[in-house]
Amino acid sequence: MPWLMILVLLLVLLLFGAGFAVKILWIIAAIVLVLWLLGFVSRSTGPSGKRGRWYRW
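Residues numbered from 1 in each chain as written. Predicted model: local features only at pLDDT ≥ 70, side-chain atom pairs only at ≥ 80, totals over all residues. Heavy atoms only, no water.

### Quick word on the overall build of the protein chain
Alright, step 1. Regarding its fold elements, the protein chain presents one helix and zero strands.
Alright, step 2. Across the 57 residues in the protein chain, those meeting the buried criterion constitute 0%.
Alright, step 3. Summed over all atoms, the accessible surface of the protein chain reaches about 5700 Å², with 80% contributed by carbon and sulfur. (Helix = DSSP H or I, 4+ residues; strand = E, 2+ residues; numbered from the N terminus. Buried < 20%, exposed > 50% of the residue type's maximum accessible area, 1.4 Å probe, protein only. Areas by Shrake-Rupley, 256 points an atom, 1.4 Å probe, with all protein chains shown as cover.)

### Brief notes about a nonpolar patch on the surface
Alright, step 1. Together, Phe20, Ile24, Leu25, Ile27, Ile28, Ile31, Val32, Val34, Leu35 and Leu38 line one region of the surface with nonpolar side chains, adding up to about 950 Å² of accessible area.
Alright, step 2. With respect to the element layout, Leu35 can be found in helix H1 (residues 2-41).
Alright, step 3. With relative accessibility at 55%, the residue Leu35 sits in the exposed group. (Patch = residues over 30% accessible without salt bridge, like charges linked within 9 Å, V, L, I, M, F, W, Y side chains within 5 Å. Salt bridge = Lys/Arg side-chain N within 4 Å of Asp/Glu carboxyl O.)

In structure tokens:
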């Protein structure tokens, strides 16, 4: 029966770790989104005075 308790504790640790990682990933995604929007809004103009494309393809 002690193996069942160990299994439950391992499952709790795994779920807690996954939840923490997902929260960190959401924060990183929000920061990247803000940086991308700032770059999109503040892009420079080209030699002809028009704004360039926001992508590099």
